[in-house]
Amino acid sequence: MKQILAFLFFFLTVPAIGQESEGIITYEQVIHWSSIYAKLDFLSQEEKDRIKLTWGNDDEGRKTKMKLFFTPSQSKYTYESDQSVSDDGRYSWQNDEYLIFRDFDREKKIELIEMLGKTYLIEDSLKTPKWKVMNKIKDINGHVCMLAMAEDTIKKLKVEAWFAHDLPIPVGPGQYFGLPGAILELDMNDGDVLITATNIEMKPVGEAIELPRKMKGKKINNDQYDKMIWEHMRDSMVMHRSPYWSMPY
Amino acid sequence: MKKLLLPLLLSVVAVAVQAQNSGRITIKGTVVDTAGVALPGATVMLLAPKDSALVNYNRSDEEGQLEFKNIKRGSYILKISYVGYIPEDIPIEPKENEVVDVGSVKLKILNQDLFEVVIKTARAPLSIRGDTVEYNASSFKVPPGSTVEDLLRRLPGMQVEQDGTVRAQGQEVQRVTVDGKRFFGGDVKMATKNLPAEAINKVQVYDSKSEQARLTGVDDGKKEKNLNLELKESHKKGGFGKATVGAGTKDRVEAKVNYNRFNDKQQFAVVGLGNNTNQTGLSWDDYQDFRGSQSYNWGDDGDFGFSNGGGIIFYSGNDDAESLTISAGGRPEQGFTKNWVGGVNYNYDNKKTLFSTNYYFNQTDKMQDAFSSRESILAASSFRREDANSRNNLNANHRGGVRLEQKIDSLNTLVIISNARFGSGNSRYVSDQEFYRSNASGDLTQLATESDLDNTSLFNSFSMGNTALFRHKFKTKGRNFSASVGYNINNSDGESNQRSTNVFYNENEPDSTLRINQTNETNSLRTQLKASLLYIQPFAKHYFWETFYNFSLRQDEVNREVFDVNIDNNTFIPNNQLSRYYTNNFLYNRLGTSFRYSNKGLNVSLGAAALQFDLQGDFKNSKLSSTLTRIDRQFSFITPNGNVRYDLKNNRNLNLSYSMSVNEPNIRDLQPIVDNSNPLYITEGNPNLIPESSHNVNAGYQYFNSASFTQFFGNIYYNYRVNQVVYNQQVDENLVTRSRPVNITGGSNTGLYLNYGFPLKKTKATLNLNGSLNANKNLIYVNDILNRTNSNGYRFATNLSLTPSDKFTFYLNGNWSVTNTKYSVNTSQNQQIYNNSYGAEMNVKFPAEIYFSSRFNLNTYVNDRFGFNRAQPILNMSLYKIMLKSKKGEVRLSAYDVFNQNQGIRQFASQNFVTTEQVSTLARYFMLSFTYNMRGVTGSVRRRGYF
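Position numbers for residues count from 1 along each chain, tracking the sequence in the order it is written. Lettering for chains starts from A, numbering for ligands starts from 1, and both go in the order in which the items are written. Per-residue local features are limited, in this predicted model, to residues with pLDDT of at least 70; the limit for side-chain atom pairs, both in listing and counting, is 80 or more; totals at the level of whole chains, interfaces and linings are taken over all residues. With hydrogens and water stripped out, all remaining heavy atoms of the structure feed into the side-chain values.

Got a sec to walk through the overall build of chain B? Specific residues and values, please.
What chain B contains, in helices and strands, is eight helices and 48 strands. A 1.4 Å probe rolled over the protein chains alone gives each residue an accessible area, and that area as a share of the maximum for its type sets the label: buried under 20%, exposed over 50%, partly exposed in between. Scored against the burial criterion, the 947 residues of chain B give a buried share of 45%. Throughout, a contact is declared for two residues whenever any of their heavy atoms are within 4.5 Å. In chain B, once contacts between residues fewer than 6 apart in sequence are set aside, the share between residues at least 24 apart is 63%. Starting at the N terminus, helices and strands are each numbered in turn, a helix being any DSSP run of H or I of at least four residues and a strand any DSSP run of E of at least two.

Okay, structure coming up:
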């Protein structure tokens, strides 16, 4: 009898535990173009001022909804929908391919990214960002979060991530993960791009976390990816163009 | 069994490894609150002491116990954090032992005030460094105009006493710094009472050594409370501005100044320029600096629905003199001009209200001498007109504008726009025209008519445009309603004198002379009331139904009084044939609907509109005359409209569109009155004209890869014109042309444009190729014979950009174009026009901030049949040095048109004529100029592009 009870207990609690750390986080990504342009060193101060003056008050043009599916061992981050729609709903366009999949148990990642005019499939081992944990806390959507900072040395970005104490899973949006809690806000380069969690749902994600069957792209690894980005950053600066025209931030 | 064995085996191995390697340690302890109650699930992190880098992390277990096993021996910071408690940092310094036990770590409860107010309510980040607290000022709302003191009162843990003393956590604040710098000797009250709260980004409270310790270097252990105010980025900025003055040979001078002050809410700008170097207005950069956030406002005309319906447009074209708003980006003028511009602009922007007002003055005084030659083709012959003329125009405009955009709430927006312009000017046109017909051997050398003209005019005008726009979004996403009303007025008074002497030479008859000396006064008043409605309803997923309605009532009242002047006794005799008084009402209604589908980048819209014109006009020879003629015409049309835009993967786009546009006949063209004020070109109206319409088809494909810097654009278009209004010509033996408008169907325009750009060597060399084809079919009756003019144009252009370094760039371009024109009535007049241009540009950066740039252009114009062959080499060079502290100054020596060849040359063929024109224009001059730029001058050898 005891064995049966123990079995029942086990049976009931395991899914409950699973449910505790499975769910979907919805993020809103806002890109501030005038802030990005203000940091491009090939522009003169006069040109930066002109951009800020003309567009600075009205540069929240691109708000995109993103979704992060997670289980204790895997996460998948992509667009909420494969199309974006204008505010009034009358015009739509296709989103660039962007899917970040991580398997924490196997320490593997699969990323499908449309950038530099092509779609790439990056399959390699997980590379955790080098985090520094800071003494700052704030509330995001009802969760107390602590600040951690990292740096993208290739894109030369300062990254601030706010991770939740009460969501003990090392997941996060975009290229960022590996903190003691889920990242609920990501601030890149002092507000150039802000990704904030707008909704957190704890529920079994089921098949939603699985990769799509069709994932076409040129296969590359981490090193090749880094090299391509580095070259593109260098060329863009020489050509006096914003590098973010052709790759995700 | 296997499943059990594996972990067992692993743990044995792990233990073995641990035992062998004394370089590994274990850290353990218990997390409890101040009462000693265990805190399970606390976040425990191991950080590197030097940079807080995260080494490892974990959670405390059910009993609040924490443990890190098998950690590399070294110093760490153990950081423990738990919701509602102050995070605790514990330094780990392992000695010989392999287990570091930190014992029970007591977490203090986070001050409830701080937690509730800062974290929960203000959603502001809170910094905790021992006793240091940082507040995000923008999270605490204070009324506009508040001081820092008002802001401090709202911060938890801060008190401001009656006398202005500031206390933080109960302790008096001894010093205040702004961005780390002392403010007015560190007087606390001076800073907190005078600085505006809205200028503050962050408030930081921290402890520091006492003044005594600071001076002596001996730490007396006393701590002082310090307050640091971090200013917002926007409030750090003062103004910026730029001024240029220059003087050159041929009495050329130029001056330009602009100054801006702005913060995140307000923008203020002034601009002024004066020159005699043919720069008439603002460049796009100057315009953006001047208008700031109000540089571009789309949809302000309030005309909803298909864009090309005709009838609703009040002001024609973008002609600067006609426009109510400031225009920018104009090309340098031809001839010789003196230009003045002055303006002030103020913008106020916040999330709810956008307000803008500006005043702008511009004046251009232009002198221009030109020579033109025009050959008109008749059925069996042709004739040529040579015209040597000189013009002098003075135009001045005062413009003022106000725009208010108010977001009433998240669903409703109101926009009110009012722009006005006062214009005045005068002009003089002196011309010597000679008409030649063919002689016995077929050359156009036989003088037929000679005409000397001397016309003067002056005018005053006032115009104003007012628009109110209301937009409402319904709660249902995609359901929208918009309404607009507008009232426009244009009033002008003008006076002009026309004098000419025309001599007709005939072989068999004696020569005859016709003199004209007329003066006329024209007053015209045009008003327009218009309104538009738009309703959008989503009716299924991805489907929208749009309905729009446009209304316009335009009223004109024109009184033109013409007098013949008798020079002998200086009397004015009313000329009843040319005088005219007319009023007309033009009513326009359009109702349209369309269906739109939008999904995954495929955007399709199909629709149609019904439109109606109602033209009513009364005209008579003078205001007092009783003979009244009436025009009363109604026209109805159905215009279909469709377009497809497909956004494909990898920066590719496809678009396809069809539209039908309809334009009503011009009221002057409908009046059956003969106008012989130019005795060589007599016009007459036609009351039977009907509106012209055209069918327009356009298809395009774009590909742009900004990573490989490759691009391709292709475009194809076709226009077919129905009932096009053309001016038929009757040319008599004296070469006097009588023109009358009629409708004709069958004219068309077809074309193709292709562009391909790619790097030859990435970032160093880029080649761009583009070409276009155009086939234009024009119909016109000349002496009752239908003439079909087919003009086929072919153009090819290439650009090569060489950008090997930041010190040297070189650009080459070539542009070849040929136009084949064929006249059906007289094939012997068929001809080819060649317009080619070649260019080279070189920019070099020398040491010591010295730059050199030069640009050479060779333009050639050839028409063999017309005996026209011109080559025009133009070389511009400039040498400049950036100087002064922070590179704020630039001194520049420029040479314009080194070969002294500049003139305006134009040649083109259309309908039944071909024309060439040469305009004398400001040529070679040298100029020395100095620029002072508060933001610093940036020299670059690269062409400016989009970024």
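Let us keep going from here.
Now, about the pairing of strand β44 (residues 868-883) of chain B: what can you tell me, with residues and values included?
Residues and elements named next belong to chain B. Should DSSP find at least two bridges between two strands, the strands are regarded as paired. With 14 bridges joining them, strand β43 (residues 850-863) and β44 adopt antiparallel strand pairing. Residue pairing for β44: tyrosine 851 is matched across the bridge by tyrosine 880. The turn joining β43 and β44, which pair antiparallel and follow one another in sequence, is formed by four residues; a positive phi near 65 degrees is taken by glycine 867. Two elements, β44 and strand β45 (residues 889-896), share seven bridges in a ladder whose sense is antiparallel. Pairing of isoleucine 882 across the sheet is with glutamate 890, part of β45. Hairpin connection of β44 to β45: five residues between the antiparallel strands, including leucine 884 at a positive phi of 70 degrees.

Describe the interface of chain B and chain A, with residues and values.
Residue-level contacts link 79 residues of chain B with 66 residues of chain A. Defined here as a combined quantity, buried area equals the accessible surface (1.4 Å probe) lost by two parts on assembly, summed across both. Taken over both partners, the interface formed by chain B and chain A buries close to 6,500 Å², and the fraction arising from carbon and sulfur atoms is 53%. Between Lys or Arg on one side and Asp or Glu on the other, a salt bridge is scored when a side-chain nitrogen of the former is within 4 Å of a carboxyl oxygen of the latter. At the boundary of chain B with chain A, the tally comes to three salt bridges. In this structure, the salt-bridge partner of arginine 50 of chain A is aspartate 285 of chain B, at a minimum N-O distance of 3.3 Å. Definition of a polar contact: a pair of N or O atoms within 3.5 Å, with one able to donate and the other able to accept a hydrogen when the atoms are protein atoms, and with sequence-neighbouring residues admitted only if both atoms are side-chain atoms. The tally of links between chain B and chain A comes to nine residue pairs in polar contact (both at pLDDT 80 or more).

Lay out the packing of helix α3 (residues 45-55) of chain A against helix α7 (residues 284-291) of chain B in plain terms, naming residues and giving numbers.
When two helices pack together, their arrangement is captured by the angle between the axes and the distance separating the axes. Axis definition: a line fitted to C-alpha atoms, limited for helices to the stretch in contact. Angles are taken between N-to-C directions and run from 0 to 180 degrees. For the pair α3 of chain A and α7 of chain B, the least separation of the axes is 9 Å and the interaxial angle reads 55 degrees. In this view, α3 of chain A runs oblique relative to α7 of chain B, as classed from their interaxial angle. As for the relative orientation of α3 of chain A and α7 of chain B, their crossing is left-handed in sense. Residue-level contacts link Glu46, Arg50, Leu53, Thr54 and Trp55 of chain A of α3 of chain A to Asp285, Gln288 and Asp289 of chain B of α7 of chain B. Counted by class, the contact of α3 of chain A with α7 of chain B contains two nonpolar, two polar and four charged residues. Roughly parallel refers to an angle under 35 degrees, roughly antiparallel to one over 145, roughly perpendicular to one between 65 and 115, and oblique to any angle outside these ranges. It is the rotation of the near helix from the far one that decides the hand of a crossing: anticlockwise by less than a right angle makes it left-handed, clockwise makes it right-handed. Residue polarity follows a fixed list, in which Ala, Val, Leu, Ile, Met, Phe, Trp, Tyr, Cys and Pro are nonpolar, Asp, Glu, Lys and Arg are charged, and the others, Gly among them, are polar.

Describe the pairing of strand β46 (residues 903-910) of chain B, and please don't skip the residues or the numbers.
On any regular strand, side chains alternate: one points to one face of the sheet, the next to the other face. Residue and element names in this part refer to chain B. Here β46 pairs with strand β47 (residues 913-920) via eight bridges, running antiparallel. Looking at β47, one finds that isoleucine 905 is bridged to glutamine 918. With antiparallel pairing between neighbouring strands as the criterion, β46 and β47 make up a hairpin whose turn holds two residues, including glutamine 911 at a positive phi of roughly 35 degrees.

I'd love a proper account of a positive patch on the surface, names of residues and values included.
Residues and elements named next belong to chain B. Together, Lys351, Lys407, Arg471 and Lys473 line one region of the surface with positive charge. As for its placement among the helices and strands, lysine 407 is situated in strand β21 (residues 382-407). Among the residues examined, lysine 407 registers a relative accessible area of 31% and is labelled partly exposed. Patch rule: a residue counts if its relative accessible area is over 30% and it has no salt bridge; like charges are joined within 9 Å, and nonpolar side chains (Val, Leu, Ile, Met, Phe, Trp, Tyr) within 5 Å. In these tables, accessible area is a Shrake-Rupley quantity obtained with a 1.4 Å probe, and a residue counts as shielded only by the protein chains included in the view. Counting rule for charge: Lys and Arg are taken as positive, Asp and Glu as negative, and neither His nor the chain ends is counted. Taken as the charge centre is NZ of Lys, CZ of Arg, CG of Asp or CD of Glu, depending on the residue.

I'd like a description of the pattern of salt bridges, backed by residues and values.
Counted under the stated rule, the structure contains 32 salt bridges over all chains. Of the charged contacts, one joins aspartate 235 of chain A and arginine 234 of chain A as a salt bridge, the two residues approaching to 3.3 Å between their closest N and O atoms. By relative accessible area, which is 40% here, arginine 234 of chain A ends up partly exposed. Of the charged contacts in the structure, one is a salt bridge between lysine 762 of chain B and aspartate 235 of chain A, with a shortest N-O distance of 3.5 Å. Of the two residues, lysine 762 of chain B sits in the loop between β38 (748-761) and β39 (765-782) while aspartate 235 of chain A sits in helix α4 (residues 222-239), which places them in two different chains.

Give a detailed account of the nonpolar core, specifying residues and quantitative values.
Only buried Ala, Val, Leu, Ile, Met, Phe, Trp, Tyr and Cys residues count toward a nonpolar core, and they belong to the same one when joined by side-chain atoms within 4.5 Å. Membership of the largest hydrophobic core comes to 64 residues, with the highest contact counts inside it found for Ile25, Met115, Trp131, Leu184 and Met188 of chain A. Counting residues in hydrophobic clusters, the runner-up holds 23 residues, among them Met158, Val160, Val203 and Val205 of chain B.

Tell me about the environment of glutamate 107 of chain A, and please be specific about residues and values.
Residues and elements named next belong to chain A. You can see glutamate 107 is positioned in the loop between β6 (98-103) and β7 (108-115). Between the C-alpha atoms of glutamate 107 and glutamine 74, which are 33 residues apart in sequence, the distance is 9.7 Å. In this structure glutamate 107 touches Asp124, Ser125 and Leu126, once residues within four positions along its chain are discounted.

Account for α4 of chain A, naming residues and giving values.
To estimate the expected span of a helix, count its residues, drop one, and scale the result by 1.5 Å. Taking 1.5 Å of rise per residue, the 18 residues of α4 of chain A would be expected to cover 26 Å, and the 26 Å separating its terminal C-alpha atoms lies within 8% of that figure. Residues of α4 of chain A that are buried make contact with β7, β8 (118-125) and β14 (218-220) of chain A together with β39 of chain B. The residue sitting at the N-terminus of α4 of chain A and contributing the capping side-chain oxygen is asparagine 221 of chain A; that oxygen lies 3.2 Å from the backbone nitrogen of aspartate 223 of chain A. Histidine 240 of chain A sits one or two positions beyond α4 of chain A and adopts a positive phi of about 60 degrees.

Run through the sheet that holds strand β2 (residues 43-47) of chain B, naming residues and quoting values.
Residues and elements named next belong to chain B. One open sheet holds the four strands; their spatial order is β3-β2-β5-β6, and the pairing between them is antiparallel. What marks the edges here is a single partner per strand, and that holds for β3 (54-59) and β6 (88-92). Strand-to-strand, the axes of this sheet are offset by a mean angle of 20 degrees, without reference to chain direction. Here strand β5 (residues 76-81) pairs with β6 via five bridges, running antiparallel. Its bridge partner being in β6, tyrosine 76 is matched across the sheet by isoleucine 92.

I'd like to hear about the confidence of the model for chain A, residue by residue, with values.
Confidence of the predictor in every single residue is expressed as pLDDT, which spans 0 to 100. On average, chain A scores 82 in pLDDT, and the residues at 70 or more come to 88%. pLDDT under 50 marks residues 1-19 of chain A. Its contacts with residues more than four places away, or in other chains, come to four contacts.

Quick one: what's the story with α7 of chain B, residue by residue and with numbers?
The element α7 of chain B is extensively covered by neighbouring structure, given that six of its eight residues are classed as buried. Every buried residue of α7 of chain B is accounted for by Asp286, Tyr287, Gln288, Asp289, Phe290 and Arg291 of chain B. Structurally, α7 of chain B contributes buried residues whose contacts are with α3 of chain A together with β17 (253-262), β18 (266-275), β19 (336-349) and β20 (353-377) of chain B. Positioned one or two residues after α7 of chain B, glycine 292 of chain B has a phi angle of 55 degrees, which is positive.

So, the confidence of the model for chain B: which residues are in play, and what are the values?
All names here are of chain B. Across chain B, the average pLDDT comes to 83, with 89% of residues at 70 or higher. Below a pLDDT of 50 lies the segment residues 1-21, which in the model reaches one contact outside its immediate sequence neighbourhood of four places, other chains included. Predicted confidence for residues 309-321 stays below pLDDT 50, and this span has 41 contacts to residues more than four positions away or in other chains.

Account for the packing of aromatic side chains, with residues named and values stated.
Think of it this way: a Phe, Tyr or Trp ring, Trp meaning its six-membered ring, pairs with another when their centres are within 6.5 Å, and the plane angle makes it stacked under 30 degrees, edge-to-face over 60, tilted otherwise. Going through the model one piece at a time under the given rule, you end up with 27 aromatic pairs over all chains. Ring geometry for phenylalanine 104 of chain A versus phenylalanine 177 of chain A: centroids 6.0 Å apart, planes at 50 degrees, classification tilted. Of this pair, phenylalanine 104 of chain A sits in the loop between β6 and β7 while phenylalanine 177 of chain A sits in the loop between β11 (157-164) and β12 (183-188), placing them 73 residues apart in sequence. Taking the centre distance of 5.7 Å and the plane angle of 40 degrees together, the rings of phenylalanine 539 of chain B and tyrosine 543 of chain B count as tilted.

Give a detailed account of the environment of asparagine 506 of chain B, specifying residues and quantitative values.
Residue and element names in this part refer to chain B. Structurally, asparagine 506 is set in the loop between β24 (480-504) and β25 (512-540). Sequence separation of asparagine 506 and glutamate 733 is 227 residues, and the distance between their C-alpha atoms is 8.7 Å. In this view, asparagine 506 contacts Arg437, Asp511 and Asn734; residues no more than four positions away in its chain are not counted.

Tell me about unusual backbone geometry, residues and numbers included.
Even without glycine at this site, leucine 116 of chain A takes up a positive phi of about 50 degrees. Tracing the chain through its elements places leucine 116 of chain A in the loop between β7 and β8. Overall, leucine 116 of chain A belongs to the buried group, its relative accessible area being 12%. Although it is not a glycine, lysine 250 of chain B adopts a positive phi angle of roughly 55 degrees. Assignment of secondary structure puts lysine 250 of chain B in the loop between β16 (239-248) and β17.

Give me the lowdown on a negative patch on the surface, citing residues and values where you can.
The grouping of Asp61, Glu62, Glu63 and Glu67 of chain B at the surface amounts to a negative patch. As for its placement among the helices and strands, glutamate 63 of chain B is situated in the loop between β3 and β4 (65-72).

Can you lay out the side chain of serine 484 of chain B for me, pointing to particular residues and giving the numbers?
Residue and element names in this part refer to chain B. Structurally, the position occupied by serine 484 is in strand β24. Classification of serine 484 as buried rests on a relative accessible area of 7%. Among the polar contacts listed, one links the side chain of serine 484 to the backbone oxygen of glycine 302, at a separation of 2.8 Å. What serine 484 contacts, discounting residues up to four positions off in sequence, is Gly302, Phe304, Ala468, Leu469, Lys530, Ala531 and Ser532.

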